[in-house]
Amino acid sequence: MKRDCQIDILTFRLGSEKLAIPAEYLREILEMVPITRVPQSGSFATALINVRGVVVPLTDLRVALRIPHSAATEDTRVLVLDLRNGDEKTTVAVLADQVEEVTIMNTADIGDVPPVGSPWPPEFVLGIGRHRGAFVMFPDLDMIFKTYSAADAVNEKVSA
Amino acid sequence: MTLQTSAPKGFFRSLSSKIIALQALTFVAMIVVGVAGLFGMERILDRMETIFADRIVPVQQLKEINDLYVSESRIIVDAVWAGEISWQDASTIVDRKQARIEELWGAYLLTYLTPEEVILKDAVAANKGAADRALEQLATLIETENRGIVRDYMRESFYIAIDPIYQSLGDLTQYQLGEADRQTVAGQTIARQTQIVISVISLLVILTSLVIVWVFTNRMKRALASAVRLAEGVANGDLAKPSINEAMTKSATCCRF
């Protein structure tokens, strides 16, 4: 994230934290939809949702980023994201306590996570920026989903 | 006394002529290297400008169009529900967003489109009508100021209408990024070729100059050694006429090299 260029980001809140993801990942913003709990699943991807006939895992970034859990409110939204890995596209849904805005940010304004004093696991954070007077955290979605997918696969093997 | 010399006739007779010729050769070679470098740099610059104007700018435009369809409308509705903006303002903002989409799409259509891109662009254009109608419908429903109707519309219909253009805009953006990558690689190839051409010409110039200097100095050294030998003969009392003539000829030859 060090190259100096502008990116479109979507900012949202998880608890008291302000997060940002590249807007290009975003496919839909939904209100809370009926969810189907998955038995014996971890706390990260606990449920499935139906997005117009497509079953999508619903995940909670709070678990990966160690953000305290809070109950759903009227402002809670489901962000349906398309994560691209080369030609491969994976659709996932993440919970957001409140969606704020789509805005432009300069990558030069995004810094590294401080090695000391950061409340979030540094391996899951791409960087921290400052926007409208507040810190904005950029979660490393690829790393988070890769790590938790691998963990799920191990759990499945253990269960089997 | 007649000087007899075996030195070449014409321009290359004198030492200064040869040095000037060597310098001129080096100078011309350096100009060739400079022109080749300049030509290569201009081609690379052209390539970079093309990538920026025909690929990077369109990617930004397409991404913004996508954001306007996918995210902004939803955020406007949320802002109305949260009381951050009025229903009238929301309707006006949706209208403004529609105008912005048209502006961006028009600007995108003015960029250079490859044949493959035209196919992808046509797919976007085919889906754009439904997406535009969805935005118009949203603006109309916002004007009713009825939260229930807007909520139902957003839940049940809005993204169904938006999804096709989201998909086709994604394909078009991916194509742009792939094309930008290909053109960047082509630009890097030109840069490498230019580097090779400049390096080869420079090496040839250096080698040629070294060979010429070596030939000149060798011939000068031979002539000087011969002149010294004859001078020593004269110093030792050998005043035979051929020796003197030869000494003068060698000196003259030496000066010419």
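Residues numbered from 1 in each chain as written. Chains lettered and ligands numbered in written order. Predicted model: local features only at pLDDT ≥ 70, side-chain atom pairs only at ≥ 80, totals over all residues.

(A) Broad picture of the overall build of chain B. Broken down by element type, chain B carries five helices and zero strands. Taken across its 257 residues, chain B has 21% of its residues classed as buried. When contacts within chain B are restricted to residue pairs at least 6 apart in sequence, those whose partners lie at least 24 apart make up 83%. (Helix = DSSP H or I, 4+ residues; strand = E, 2+ residues; numbered from the N terminus. Buried ≥ 20, exposed ≤ 12 C-beta atoms within 10 Å, placed from the backbone. Contact = placed C-beta atoms within 7 Å.)

(B) Looking closely at the overall build of chain A. Helix and strand counts for chain A stand at two helices and twelve strands. Counting from the amino terminus, chain A carries its helices and strands in the arrangement β-β-β-β-β-β-α-β-β-β-β-β-β-α. In terms of C-alpha radius of gyration, chain A reaches 16 Å, essentially the compact-globule figure of 15 Å for 160 residues. The dimensions of chain A, computed from C-alpha atoms along their principal axes, are 45 × 35 × 30 Å. Put simply, chain A has 160 residues, and 30% of those count as buried. (Rg over C-alpha atoms; globule rule 2.2 N^0.38 Å.)

(C) Geometry of the interface of chain A and chain B. In this assembly, 13 residues from chain A lie in contact with 13 residues from chain B. Taken together, the elements giving at least two residues each to the side of chain A that touches chain B come down to strand S1 (6–14), strand S3 (26–31) and strand S9 (98–106) of chain A. Along the lines of polarity and charge, the residues of the side of chain A that touches chain B split into six nonpolar, no polar and seven charged. (Nonpolar A, V, L, I, M, F, W, Y, C, P; charged D, E, K, R; others polar.)

(D) The nonpolar core, seen in detail. Counting residues in each nonpolar core, the largest one holds 64 residues, and the members touching the most others are Leu79(A), Ala93(A), Val94(A) and Ile162(B). Setting aside anything within four residues of it in sequence, one finds Ala93(A) in contact with Ile49(A), Val56(A), Pro57(A), Leu58(A), Thr59(A), Val78(A), Leu79(A) and Val80(A). (Core = buried A, V, L, I, M, F, W, Y, C linked by C-beta atoms within 7 Å.)

(E) Quick peek at the confidence of the model for chain B. Residue and element names in this part refer to chain B. When pLDDT is averaged along chain B, the result is 85; 88% of the residues meet or exceed 70. Taken together, the stretch residues 1–5 has pLDDT below 50 and engages in nine contacts with residues farther than four places along the chain or on a different chain. Taken together, the chains of this predicted complex give a pTM of 0.73 and an interface ipTM of 0.74. (pLDDT = per-residue confidence, 0-100.)

(F) Structural context of the pairing of strand S2 (residues 17–22) of chain A. Residue and element names in this part refer to chain A. Both S1 and S2 contribute to a ladder of six bridges, which runs antiparallel. If you follow leucine 10 over to S2, its bridge partner there is isoleucine 21. Counted along the chain from S1 to the antiparallel partner S2, the turn is two residues long, and its residue glycine 15 has a positive phi close to 60 degrees. (Pairing = 2+ DSSP bridges.)

(G) Region of the structure containing helix H3 (residues 115–144) of chain B. Residue and element names in this part refer to chain B. Taking 1.5 Å of rise per residue, the 30 residues of H3 would be expected to cover 44 Å, and the 44 Å separating its terminal C-alpha atoms lies within 8% of that figure. At lysine 128, H3 is deflected by roughly 35 degrees, the largest bend along its length. Among the residues of H3, Lys121, Val124, Asn127, Ala131, Ala134, Leu135, Leu138, Leu141 and Ile142 are the ones counted as buried. Buried residues along H3 sit against helix H1 (15–81), helix H2 (87–109) and helix H4 (147–235). (Expected span 1.5 Å × (residues − 1). Bend = angle between axes of the 7 residues up to and from the residue.)

(H) Fine view of the UniProt feature "transmembrane region" (unreviewed entry) in chain B. Residue and element names in this part refer to chain B. Sequence positions flagged by UniProt for "transmembrane region" (unreviewed entry) are, in local numbering, residues 20–39 and 196–216. A helix fraction of 100% and a strand fraction of 0% characterise residues 20–39, whose end C-alpha atoms lie 28 Å from each other. Annotation note: span residues 196–216, helix share 100%, strand share 0%, distance between end C-alpha atoms 30 Å. (UniProt positions renumbered as here; feature names shortened; annotations may be inferred.)

(I) Structural context of the packing of H3(B) against H4(B). All names here are of chain B. Contact geometry for H3 and H4: axes closest at 8 Å, N-to-C directions at 160 degrees. Judged by the angle between their axes, H3 and H4 are roughly antiparallel. Considering only the axes of H3 and H4, their crossing is left-handed. (Axes fitted to C-alpha atoms, helices over the stretch in contact; angles between N-to-C directions. Parallel < 35°, antiparallel > 145°, perpendicular 65-115°, else oblique. Left-handed = near helix turned anticlockwise from the far one by under 90°.)

(J) View of the sheet that holds S3(A). Residues and elements named next belong to chain A. A sheet is described by the order of its strands in space; here six strands give the open sequence S3-S7-S8-S6-S5-S4, paired in mixed fashion. Of all strands in the sheet, those bounded by a partner on one side alone are S3 and strand S4 (35–37). Each strand of the sheet is rotated relative to its neighbour by a mean of 35 degrees, with strand direction disregarded. Pairing geometry for S4 and strand S5 (residues 45–51), over three bridges, is antiparallel. Of the residues in S5, the one forming a bridge with threonine 36 is leucine 48.

(K) A look at H1(B). All names here are of chain B. With 67 residues, H1 extends 94 Å from end C-alpha to end C-alpha; this agrees with the ideal 99 Å at 1.5 Å per step. Along H1, the sharpest change in direction is near 40 degrees and occurs at leucine 68. Just beyond H1, the residue with positive phi is glycine 83, at close to 80 degrees.

(L) Structural context of the packing of H1(B) against H2(B). All names here are of chain B. With their axes 10 Å apart at the nearest point, H1 and H2 run at an angle of 170 degrees to one another. Relative to H2, the element H1 lies roughly antiparallel. Of the residues in H2, those in contact with Pro58, Gln61, Leu62, Glu64, Ile65, Leu68, Glu72, Ser73, Ile76, Ala79 and Val80 of H1 are Trp87, Ala90, Ile93, Val94, Lys97, Arg100, Ile101, Leu104, Trp105, Ala107 and Tyr108. Tallied by class, residues from the contact of H1 with H2 come to 16 nonpolar, two polar and four charged.

(M) The confidence of the model for chain A, seen in detail. Of the residues in chain A, 91% reach a pLDDT of 70 or more, and the chain-wide mean stands at 85. Within chain A, the lowest mean pLDDT, 73, falls on helix H2 (residues 141–159) of chain A, and the highest, 93, falls on S2(A).

(N) Geometry of unusual backbone geometry. For Arg52(A), which is not glycine, the phi dihedral falls at a positive 50 degrees. Turning to its location among the elements, Arg52(A) is positioned in the loop between S5 and strand S6 (54–59). Positive phi is not limited to glycine here, since Glu145(B) has a value of about 60 degrees. Here Glu145(B) shows up in the loop between H3 and H4. By C-beta crowding, Glu145(B) is classed as partly exposed, having 14 other C-beta atoms within 10 Å.

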